[in-house]
Amino acid sequence: MAGGNCTEVTEFILTGLTDYPEMQVPLFAVFLVIYVITLAVHSTIYGLETARECFVTIFKISKFVLVPYWNENTTFRKASQNGIVSKCLLDDQKAAKNQAKPMAGNNDTTVTRFILIGLTVRPELQVLLFVVFSLSYFITLLGNLGMILVIQINPQLHTPMYFFLSNLSFLDACYSSTIVPNMLVNILVERKAISYSGCIMQYGFFAVFATTEIFLLATMAYDRYVAICNPLLYTVTMTKKVCLLLVIGSYFWGFVNSLIHTSGLLRLSFCDSNIINHFFCDLTPLLKLSCSNIHMNVMLVFVFGSLFEISTFLIIIVSYILIIIAVLRIRSAEGRRKAFSTCASHLTAVAIFHGTILFMYFRPSSSYSLDTDKMASVFYTVVIPMLNPLIYSLRNKEVKCAVRKMIERKMFTP
């Protein structure tokens, strides 16, 4: 292979997952559906070249040597000498450095692509992780797109609450699709590289969707406050125009936050290592990798992160305090139960999402660990987008009723 000491074979003999012939057709069907969805979404977001590489090397086993953990304080050179990182990955880093562009005015070079370490370098976990995350991503797309479809085709769900819920499902599908397809491909391929521009774009889109979701959850809390505390004025207050403006405002602040941090990243230089100890281009590992002064970037993260988190969290807290006061004034137990049930799904989603964000970005720096950071990132990029449609469908009688009617209509309509 040009540019490295690895030799590229032209043919493999695969033993497969099982020797039982009765399992072949079901396994083929399951993995074909998962792979087609992954490849289609990935080719749309990241380009056809990496998708082609995924197709060619779909069952290649990574040449990583067994290690229990990746030591984030160990340099890449030392790790490779100890056998932690595969020789092919070392060749990838060398090739990236050979393609580096000189910086004007000095002898330093800037990297043109990054190499993502991923969740683990243990080869026995690669197939398992691919299957688990593929199924999670399939459920995420099915649940969120299905929620949007159910809301759109059922007139009784054309209310402000479900308008916001359909936007929440759209955001979950989008920011999961920004991360997971590339992660799935990197689990399979040896060359876990992403271009500099692709890395910046990935973080930029992720910041847009994640920040928008923070504001949208606050908007949904305000909607529940108006519905419970001022039911007679609900239709007058939450008009279509107001709902649309609230959603547009959420996206506006998402784009503002993304623009601030991506602009900050573009002014940084990456002239030493190009190895990102993460499974996607998150802000924190990129800042740790930079050889520039990151004081301004850290301040921007603290100022805008605190501003957005505190403001939206206060809206949610104040809304629910007023909701609780209003509900406690209801005399009948059935009325109180019904009022609380309309908020249960949203409160669950808020607790999971904001709890993860607070743990990720507002814990003491002394307790920071990239391994912990990666596990928390899996939670809010994979688990939360998968759970949200389940939370809102399983705990919502109107959604369950609408789904039941759709199924009955399909089954009994000739």
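What you see is a predicted model; the values in this text were computed from it and never measured.

Trainee: Which parts of the structure should I look at to understand the overall build of the protein?
Mentor: Secondary structure assignment for the protein yields 14 helices and five strands. Of all 414 residues assigned to the protein, the portion counted as buried reaches 46%. Expressed as a percentage of contacts within the protein between residues at least 6 apart in sequence, the contacts between residues at least 24 apart total 75%. Accessible surface, the protein: about 21800 Å² in total, of which carbon and sulfur atoms supply 68%.

Trainee: Help me understand the sheet that holds strand E3 (residues 113–116) in this model?
Mentor: Judged by pairing direction, the sheet is mixed, and its three strands sit side by side in the order E4-E3-E5 without closing on themselves. The strands lining the two open edges of the sheet, one partner per strand, are strand E4 (193–195) and strand E5 (275–276). Set on the sheet, helix H7 (residues 196–229) makes contact with E3, E4 and E5; between it and E4 the angle comes to about 85°.

Trainee: Sorry if this is basic, but what is going on with the packing of helix H9 (residues 240–266) against helix H11 (residues 295–328) here?
Mentor: Any two packed helices are characterised by the angle at which their axes cross and by the distance between the axes. Packing of H9 against H11 leaves a shortest axis separation of 10 Å and a crossing angle of 170°. Overall, the two elements H9 and H11 adopt an arrangement that is roughly antiparallel. Between H9 and H11, the residues in contact are Trp253, Asn257, Ile260, His261, Gly264 and Leu265 and Asn297, Leu300, Val301, Phe304 and Phe308, respectively. Considered class by class, the residues forming the contact of H9 with H11 number seven nonpolar, four polar and no charged.

Trainee: What is the right way to read the packing of aromatic side chains from this model?
Mentor: Geometry of an aromatic ring pair is reported as the spacing of the ring centres plus the angle between the planes. Summed over the entire model, instances satisfying the criterion amount to 15 aromatic pairs. Where Phe206 meets Phe280, the ring centres are 5.3 Å apart and the plane angle is 65°; that geometry is what we call edge-to-face. Of this pair, Phe206 sits in helix H7 while Phe280 sits in the loop between E5 and helix H10 (283–289), and the two are 74 residues apart along the sequence. For the pair shown, Phe206 and Phe280 are each scored as buried.

Trainee: It is not clear to me how H9 should be interpreted in this structure. Could you clarify?
Mentor: Within an α-helix, residues lying three or four positions from one another point in the same direction, as the helix has 3.6 residues per turn. Helix length check: H9 (27 residues) gives 39 Å between terminal C-alpha atoms against 39 Å at 1.5 Å per residue, within 8%. Along H9, the positions that sit buried rather than exposed are Cys243, Val247, Ser250, Tyr251, Gly254, Asn257, Ser258, Ile260, His261, Thr262, Gly264 and Leu265. In this structure, the buried side of H9 is in contact with helix H6 (160–188), H7, H10 and H11.

Trainee: What is the right way to look at the packing of H7 against H9 in this model?
Mentor: Between H7 and H9, the least distance of the axes is 7 Å, while the angle of their chain directions is 145°. Note that H7 runs across H9; the crossing there is right-handed.

Trainee: What is the right way to look at the nonpolar core in this model?
Mentor: Side chains of nonpolar character tend, in soluble globular proteins, to be buried together. In terms of nonpolar packing, the biggest core is built from 82 residues, with Phe114, Phe133, Phe206, Leu265, Ile276 and Leu286 touching the most fellow members. Per-element tally for this core: the top contributor is H7, with 16 residues. Apart from the residues lying within four places of it in its own chain, the contact partners of Phe206 are Tyr175, Thr178, Ile179, Phe280, Asp282, Tyr380 and Thr381.

Trainee: Which parts of the structure should I look at to understand a positive patch on the surface?
Mentor: Among the surface-exposed residues, Lys338, Lys397, Lys400 and Arg404 lie close enough to one another that they form a single positively charged patch. No other element matches the three residues that helix H14 (residues 397–412) contributes to the positive patch. Within the secondary structure, Lys400 is located in helix H14. What makes Lys400 partly exposed here is its relative accessible area of 35%.

Trainee: What should I look at first to understand the state of the cysteines in this one?
Mentor: Among covalent bonds in proteins, the disulfide is the one between the sulfur atoms of two cysteines. According to the stated counting rule, one finds one disulfide in the structure shown. In this model Cys199 forms its disulfide with Cys281; the gap between the sulfur atoms is 2.0 Å. Given an S-S torsion of about -125°, the disulfide between Cys199 and Cys281 has left-handed geometry. Of this pair, Cys199 sits in helix H7 while Cys281 sits in the loop between E5 and H10, and the two are 82 residues apart along the sequence.

Trainee: How should I be thinking about the pairing of E3 in this particular structure?
Mentor: Looking down a regular strand, the side chains alternate between one sheet face and the other. On E3, burial covers both faces: Arg113 and Ile115 on one face and Phe114 and Leu116 on the other are all buried. In this structure, E3 lies alongside E4, joined through three bridges in antiparallel fashion. Bridge pairing in E4 links Arg113 to Ser195. Where E3 lies against E5, two bridges are found, and the strand directions are parallel. Counted as the bridge partner of Leu116 is Ile276 from E5.

Trainee: Help me out: how do you make sense of the pattern of salt bridges in this one?
Mentor: Any two side chains of opposite charge can pair, given that their charged atoms come close. Applying the stated criterion to the full structure yields one salt bridge. For the salt bridge of Asp223 with Arg224, the shortest nitrogen-to-oxygen distance reads 3.1 Å. Accessibility expressed as a relative area gives 1% for Asp223, which makes it buried. Given the relative accessible area of 8%, Arg224 is considered buried.

Trainee: Hey, could you run me through a nonpolar patch on the surface in this one?
Mentor: Residues Phe313, Ile317, Val318, Ile321, Leu322, Ile325 and Leu358 make up a contiguous nonpolar surface patch of roughly 530 Å² in combined accessible area. Sorting elements by how many residues they give to the nonpolar patch places H11 first, with six residues. Along the chain, the position of Phe313 falls in helix H11. A residue is classified by how much of its surface remains accessible, and Phe313, at 31% relative accessible area, is partly exposed.

Trainee: Please clarify how H11 should be interpreted in this entry.
Mentor: The end-to-end C-alpha distance of H11 is 48 Å, a good match for the 50 Å that 34 residues give at a rise of 1.5 Å each. Every buried residue of H11 is accounted for by Asn297, Ser306, Phe308, Glu309, Thr312, Ile316, Ser319, Tyr320, Ile323, Ala326 and Val327.

Trainee: Looking at this model, I keep getting lost on the side chain of Asn277. Mind explaining?
Mentor: One can find Asn277 in the loop between E5 and H10. What makes Asn277 buried here is its relative accessible area of 7%. In this structure the side chain of Asn277 is engaged in a polar contact, spanning 3.0 Å, whose partner is the side chain of Lys374.

About the criteria used
- Residues numbered from 1 in each chain as written.
- Predicted model: local features only at pLDDT ≥ 70, side-chain atom pairs only at ≥ 80, totals over all residues.
- Heavy atoms only, no water.
- Helix = DSSP H or I, 4+ residues; strand = E, 2+ residues; numbered from the N terminus.
- Buried < 20%, exposed > 50% of the residue type's maximum accessible area, 1.4 Å probe, protein only.
- Contact = heavy atoms within 4.5 Å.
- Areas by Shrake-Rupley, 256 points an atom, 1.4 Å probe, with all protein chains shown as cover.
- Pairing = 2+ DSSP bridges.
- Axes fitted to C-alpha atoms, helices over the stretch in contact; angles between N-to-C directions.
- Parallel < 35°, antiparallel > 145°, perpendicular 65-115°, else oblique.
- Nonpolar A, V, L, I, M, F, W, Y, C, P; charged D, E, K, R; others polar.
- Phe/Tyr/Trp six-rings, centres within 6.5 Å; stacked < 30°, edge-to-face > 60°.
- Expected span 1.5 Å × (residues − 1).
- Left-handed = near helix turned anticlockwise from the far one by under 90°.
- Core = buried A, V, L, I, M, F, W, Y, C linked by side-chain atoms within 4.5 Å.
- Patch = residues over 30% accessible without salt bridge, like charges linked within 9 Å, V, L, I, M, F, W, Y side chains within 5 Å.
- Salt bridge = Lys/Arg side-chain N within 4 Å of Asp/Glu carboxyl O.
- Lys, Arg positive; Asp, Glu negative; His and termini not counted.
- Charge placed at Lys NZ, Arg CZ, Asp CG, Glu CD.
- Disulfide = S-S within 2.5 Å.
- Polar contact = N/O pair within 3.5 Å; in protein donor to acceptor, adjacent residues only side chain to side chain.

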